Amino acid sequence: MSEASTGTGGRMRVINPATGELLVELPLAGTEETDEAVARSVEAGPVWRAVAPADRARLLRRFATGVEEHAEELARLETANVGKPIADSRDEIAMVAEVLHFYAGAVDKHRGDTVPVAGGVDLTFHEPLGVVAAIVPWNFPAAIASWKIGPALATGNTVVVKPSELTPLTALRLRDLALEAGVPPGVLEVVVGSGPVAGARLVEHPDVAKVAFTGSTAVGRTVMAAAAATIKRVTLELGGKSANIVFADADLERAADAAPAGVFGNAGQDCCARSRMLVERPVWDRFLDLLGDSVARWRVGDPTDPRTQMGPLVSTDRQAVVGSFLGSGMGDPGGGDVVPRFVGQVPAGPGAWFPPTVVAPADPTWRVAREEIFGPVAVVIPFDGEEDAVRLANDTTYGLAGSIWTRDGARALRMARAVDAGNLSVNSNGSVRVQTSFGGRRQSGFGRELGLEALAAYTEVKNVFVSTA
Ligand code: TXE
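Residues numbered from 1 in each chain as written. Predicted model: local features only at pLDDT ≥ 70, side-chain atom pairs only at ≥ 80, totals over all residues. Heavy atoms only, no water.

A. Main features of the sheet that holds strand β17 (residues 401-405). With respect to topology, 7 strands assemble into an open sheet ordered β14-β15-β16-β11-β10-β17-β18, the strand pairing being mixed. Edge positions in the sheet fall to β14 (342-343) and β18 (423-426), since each has one partner strand and no second. (Pairing = 2+ DSSP bridges. Helix = DSSP H or I, 4+ residues; strand = E, 2+ residues; numbered from the N terminus.)

Written as C-alpha cells, this is what we have:
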C-alpha cells in the first residue's frame with residue numbers, strides 16, 4: 001500500500017490501516033499553497049489580537065463546545081484514519097475539548113508583572129509571537145494538534161497546522177469547527193502537505209515566528225537546524241524509550257496488569273510508551289508470570305469495537321520497520337537471536353497488524369532495547385537495587401517519561417528525582433494530563449506543552465520602563 005505521495009501538486013491517498021480501504025484522496029499543498037496559508041494567518045493576526053480577551057475566551061469555549069457536540073463523528077474519523085480503538089479515540093477527542101476549555105480559561109490570566117526599579121515604573125507584557133506553525137505526527141493527530149492550538153490561540157497567536165500526511169482528517173474538521181464557532185477566518189489554518197515540502201516550507205518561512213513540532217528525533221534535528229536561518233522559536237517533542245521500573249516491594253499484580261496499556265497502548269505508537277521494563281531480580285519470575293497473563297488478556301482487534309484495546313499499526317510500511325527489531329541475528333552487537341517470550345494474538349486478514357510482543361530477558365545493548373520502535377514491542381531487563389535501576393533507566397539518549405512501581409514512598413521520590421526524564425509517574429503509567437506540563441529532556445526535545453507552562457512557549461516577555469522623573 002502506498003500511503004502518501006509527496007511533492008507539489010501531488011495527491012495523497014488517505015488509508016484506513018485496519019482494512020486497507022481508501023478513505024479519501026486529497027490534493028497535497030505545495031510551497032505555493034503553504035505560503036498562501038501563512039499569508040492568511042499573518043493577515044488574521046491583528047484581527048485576532050483585536051478581539052477583547054473575554055470574547056476570545058468565549059470563542060475558544062464555543063470551539064470546545066463544537067468539538068463536544070461533534071465528538072462521536074471526530075472519534076470515528078480518528079479511528080478510521082489511524083486505526084486506533086474507538087474507546088481511545090473517544091478519550092482523545094474529549095481531551096481536545098478539555099484542552100480548549102482549559103486555555104479558554106487562561107486567556108485573561110496570563111498576566112505580566114510590575115517590577116520594583118529606581119527612577120520610574122517597570123512593567124512586563126506577555127506578547128504573542130505571531131504565526132505559529134504546528135507540525136503534528138500521526139499517532140495522536142487531533143490531541144497533539146490541540147495541545148498546540150489551545151495555548152497558541154489563547155495567547156493571541158494565529159496557527160497553521162500541518163498534520164501528518166497519513167492522518168489529516170481530524171485537523172481539517174477541527175478547522176471547520178473553529179470557523180463555525182466564530183473564530184475569524186485565517187486564525188486557524190490547516191495545510192495538508194508532505195513534511196519535506198509543506199513542513200519544510202513552514203520551518204523556513206520568514207513570516208512564521210515559531211515552530212511547535214512533535215515527531216521523530218531525526219526530523220526534529222533538521223527542523224531545529226533549518227529554524228536557525230530565521231532565528232525561529234522552536235519547541236520539540238520527540239521520541240522516547242521510557243523505563244517502567246518495578247521494584248520487588250511493588251504491588252506486582254497492579255504493575256503487571258497496567259504494563260500492557262503502558263507499552264501497547266496505541267499499538268506502541270506513543271512517544272511515552274514504557275518500552276523498557278526494568279524488573280528487580282528477586283521478583284523476576286513472579287512478575288514475568290503475571291506479565292504473560294496480562295499480555296494474553298490484552299485485546300487486539302477491530303478498532304471500531306468498544307472493547308478493543310489495540311488496533312493495527314498506522315501503515316503496512318510500519319510493519320516491516322517494527323519487525324526489523326526481532327529475529328535471528330538481531331541481538332546486536334553479539335548477533336544472537338531476539339526471540340520473543342510472549343507474543344499476543346492479532347486478527348487474520350488485511351490491515352497493518354502487529355502482535356503485542358515481549359522480549360525477556362533482553363540485553364540492554366541490543367537495538368531492540370535502545371531504539372524507539374514505535375510498535376507493540378517491549379523488552380524486560382533485570383536489575384539489582386536502586387542504583388542499578390537508575391543507571392539502566394538513564395542509559396538512553398532519550399528522556400521523555402517513565403514509571404516507578406514501589407510501596408516505599410521515599411524511594412519513589414528518590415527515583416523520580418534521579419531518572420532523567422520530563423514526566424514520571426509513581427504506581428501509574430499515565431504521563432499526560434491537560435492541567436500539567438508535558439515534555440522531554442535530552443534528545444526527547446525541549447519546551448513544555450499543556451498545563452500553564454505551555455503559555456510561556458507561545459509568548460515573549462516585553463519589558464517597558466516608564467520614567468517618572
Ligand atoms: O515522523 P516524522 P514519522 C517517531 C517514531 C516513528 C518515527 C517516524 O519513532 O516511528 O518518528 O514517524 C513532518 N520538515 N515519532 O515519519 O517524519 C511530517 O510530515 C518539517 C515520534 O511520521 O518526524 C509530520 O507532520 N516537517 C513521535 C511530522 O513532521 C517535516 C510522533 C512528524 O513526522 C519534515 C511521531 C521536514 N523536513 C513519530 N519531515 C512522538 N514524539 O510522539 C517530516 N515532517
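Let us keep going from here.
B. Structural detail: the packing of aromatic side chains. Evaluated as defined, the whole model comprises 5 aromatic pairs. Taken together, a centroid distance of 5.5 Å and an interplanar angle of 75° make the contact between tryptophan 147 and phenylalanine 438 edge-to-face. Note that tryptophan 147 is positioned in helix α5 (residues 141-154) and phenylalanine 438 in the loop between β18 and β19 (445-446), a separation of 291 residues in sequence. Taken individually, tryptophan 147 and phenylalanine 438 each receive the classification buried, so the pair is uniform in this respect. Seen from their ring centres, phenylalanine 247 and phenylalanine 383 are 5.2 Å apart, and the 80° between their planes marks the pair as edge-to-face. With phenylalanine 247 in the loop between β10 (243-246) and α9 (252-264) and phenylalanine 383 in strand β16 (residues 377-383), this pair connects stretches of sequence that are 136 residues apart. Residue phenylalanine 383 is classed as buried on the basis of its relative accessible area, which comes to 0%. (Phe/Tyr/Trp six-rings, centres within 6.5 Å; stacked < 30°, edge-to-face > 60°. Buried < 20%, exposed > 50% of the residue type's maximum accessible area, 1.4 Å probe, protein only.)

C. Main features of helix α8 (residues 217-227). Considered for burial, the residues of α8 that qualify are Thr217, Gly220, Val223 and Ala227. Axial view of α8: buried residues confined to an arc of 110°, hence all on one face. On its buried side, α8 packs onto α7 (195-204), β8 (208-214) and β9 (233-237). (Arc of directions from axis to C-beta. Contact = heavy atoms within 4.5 Å.)

D. Here's a closer look at the nonpolar core. Within the largest apolar cluster, 65 residues are counted, with the highest numbers of intra-cluster contacts made by Phe63, Val67, Tyr103, Trp147, Ile149, Val159 and Val161. Element by element, the count of residues in this core is highest for helix α4 (residues 86-106), at 10 residues. If near-sequence neighbours (up to four positions away) are discounted, valine 159 is found in contact with Ser41, Val132, Ala134, Ile149, Ala152, Leu153, Val187, Leu188 and Glu189. Of all hydrophobic cores here, the second largest spans 57 residues; its members include Val246, Trp353, Val358 and Ala389. (Core = buried A, V, L, I, M, F, W, Y, C linked by side-chain atoms within 4.5 Å.)

E. Structural context of the site of the ligand. Surrounding the ligand, one finds 24 residues, the nearest of these being Trp138, Glu165, Ser216, Leu238 and Glu372. The contact in question runs from an oxygen atom of the ligand to an N or O atom on the side chain of lysine 162, over 2.9 Å. In the environment of the ligand, an oxygen atom lies 2.5 Å from a nitrogen or oxygen atom belonging to the side chain of glutamate 165. Breaking the shell around the ligand down by element, the ones donating at least two residues are α7 and β8. The leading source of residues in the shell around the ligand is α7, at 4 residues. The residue makeup of the shell around the ligand, split by class, is 12 nonpolar, 7 polar and 5 charged. Mapping the shell around the ligand onto the domain boundaries places at least three of its residues in each of domain 1 (5-238 + 443-467) and domain 2 (243-435). (Near = heavy atom within 4 Å. Polar contact = N/O pair within 3.5 Å; in protein donor to acceptor, adjacent residues only side chain to side chain. Nonpolar A, V, L, I, M, F, W, Y, C, P; charged D, E, K, R; others polar. Domains from an automatic or database assignment.)

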